[in-house]
Amino acid sequence: MHRIGVIGDKDSILGFKALGIEVFSVEDAEEAEKTLENMVVNNFAVIYITEQTAKDITPVIDRYNSRTVPVIIPIPGNQGTLGLGMQGVKRTVERAVGADILFKGEQVN
Amino acid sequence: MSIMNVNPTRMELTRLRKRLNVARRGHKLLKDKRDELMKKFLELVRKNKELREKVEMMLMESYAGLLNTRSVMPSEALEEALMFPKQTLSLDVTFSNIMSVDVPVLNFNTGDTAEGGIYPYGLASTSGELDISIDMLWEVFPHLLELARIEKSAQLLSLEIEKTRRRVNALEYVLIPQLTDTIKYITMKLDESERSNLTRLMKIKDMMLEQVHASKMSESEV
């Protein structure tokens, strides 16, 4: 049995609770890191993390990139998107193809 | 090019020829694998991009809705309303295999949606805006899960492509040239020794003939 969770600031992730997703509000990067690692140990298969939180702990997130589970997905927080998720997609393309063929130089902010 | 450190013997030659065959076959197979992976990957990553754009837009809408809610409801009441979710969610993860890459497949079960919808609160004490934003979030959610699956698959595939490409290149530009060069070196060396053997034999034959000739001459003199 696997679980789904969301990490982020309290205001962004409040709504997810109503869907039955477990929410973990965090204040700073250190707390986020600890929460994330706890979640991985506790059998969370899908972890959404707001970009505002994710941007400070990218090394930790990248560590799980090559594993099948957990799936860690950045989502925009309520302050708008930082483009972190799209950058991730772009990076994946660049690694596989060797060049960015998907965005064709279009600005990914 | 570099030549392997081997003895130029016939046995070594057959061994290397066998290795070259295997390397060529492996190279072909890996190249096919790389191409197929790439095809699958491009499909996935296109979908990934579209889906992410869609999900991000929908999420922003729902955040905007929640912000509206906040403006008409005290935030304590809002938190209280959402404190105990009625909806239960269970996730089942299985794995499927794309070109020898294990990718997760996420099946989620939304327990029983009881009457009154998914709202974990009474409708009397909350505003209508909250219902709308929760509805929106509920709508995004399947897309969000699909995004998780596709994005992870794309990530894993890209890692595998990188690995496969490296192997293909190592075979194509290092191992195979090295093997062909070594094989050439051994054949040349063997040919050379054969030639030297031949000349030696011819020389010996000459010497022996001369000897026989000399002994015959001395016999006839007697």
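Along each chain, residues carry numbers from 1 onward, in the same order as the chain's sequence is written. Chains and ligands are labelled by the order in which they are written, letters from A for the one and numbers from 1 for the other. Given that the model is predicted, a residue must reach a pLDDT of at least 70 before its local features are reported, and side-chain atom pairs must reach 80 or more before they are shown or counted; all residues, however, enter totals for whole chains, interfaces and linings. Note that water and hydrogens are dropped before the side-chain values are worked out from all heavy atoms of the structure.

Looking at an unreviewed UniProt entry, one finds chain B named V-type ATP synthase subunit D, with Anaerobacterium chartisolvens as its source organism. Under the UniProt heading Sequence similarities (unreviewed entry), the entry covering chain B gives this text: "Belongs to the V-ATPase D subunit family." UniProt positions are given in the numbering used here, feature names are shortened, and annotations may be inferred rather than shown by experiment.

By the naming in an unreviewed UniProt entry, chain A is V/A-type H+-transporting ATPase subunit F, taken from Anaerobacterium chartisolvens. For the record of chain A, the UniProt heading Sequence similarities (unreviewed entry) holds the text "Belongs to the V-ATPase F subunit family."

With that settled, the discussion passes to the interface of chain B and chain A. Across the boundary between the two partners, chain B contributes 51 residues, which contact 48 residues of chain A. When two parts are put together, the accessible area they lose, computed with a 1.4 Å probe and summed over both, is reported as buried area. With both chains or domains summed, chain B and chain A bury close to 4,300 Å², and 70% of this area falls on carbon and sulfur atoms. Contact with chain A buries area across many residues of chain B, yet K49, Y63 and L91 of chain B alone supply 15% of it, more than any other trio. Throughout this description, the term salt bridge denotes a Lys or Arg side-chain nitrogen within 4 Å of a carboxyl oxygen of Asp or Glu. Here chain B is connected to chain A by zero salt bridges. Distance and chemistry together define a polar contact, namely a pair of N or O atoms within 3.5 Å, with one atom able to donate a hydrogen and the other to accept it when in protein, and with adjacent residues in sequence counting only for side-chain atoms on both sides. Counting the contacts that link chain B with chain A gives 12 residue pairs in polar contact (both at pLDDT 80 or more). Strands here mean DSSP runs of E at least two residues long; helices mean DSSP runs of H or I at least four residues long; both are numbered from the N terminus. Those elements giving two or more residues to the side of chain B that touches chain A turn out to be α1 (10–72), α2 (75–82), β1 (89–98), β2 (101–110) and α3 (128–221) of chain B. Top contributing element to the side of chain B that touches chain A by residue count: α3 of chain B, with 18 residues. In this classification, Asp, Glu, Lys and Arg are treated as charged, Ala, Val, Leu, Ile, Met, Phe, Trp, Tyr, Cys and Pro as nonpolar, and every other residue, Gly included, as polar. Among the residues forming the side of chain B that touches chain A, the class breakdown is 33 nonpolar, five polar and 13 charged. Residues count as neighbours in contact if any of their non-hydrogen atoms are within 4.5 Å of one another.

Another point: empty space enclosed by the protein. Using a 1 Å grid laid over the protein atoms alone, points where a 1.4 Å probe fits but cannot get out form a cavity; open sets with protein on both sides within 12 Å along at least 5 of 7 lines form a pocket; any residue with an atom within 4 Å of a point counts as lining. Grid points are joined across faces, edges and corners, and a volume is the space filled by probe spheres set on the points. Tallying each qualifying case throughout the model produces one cavity of 30 Å³ or more. Taken as a whole, the largest cavity holds about 50 Å³ of empty space. Around the largest cavity sit D11 and N78 of chain A together with Y63, L66, L67 and R70 of chain B, which together line it. If you tally residues by element for the lining of the largest cavity, the top one is α1 of chain B, at four residues. Across the lining of the largest cavity, the residue classes tally to three nonpolar, one polar and two charged.

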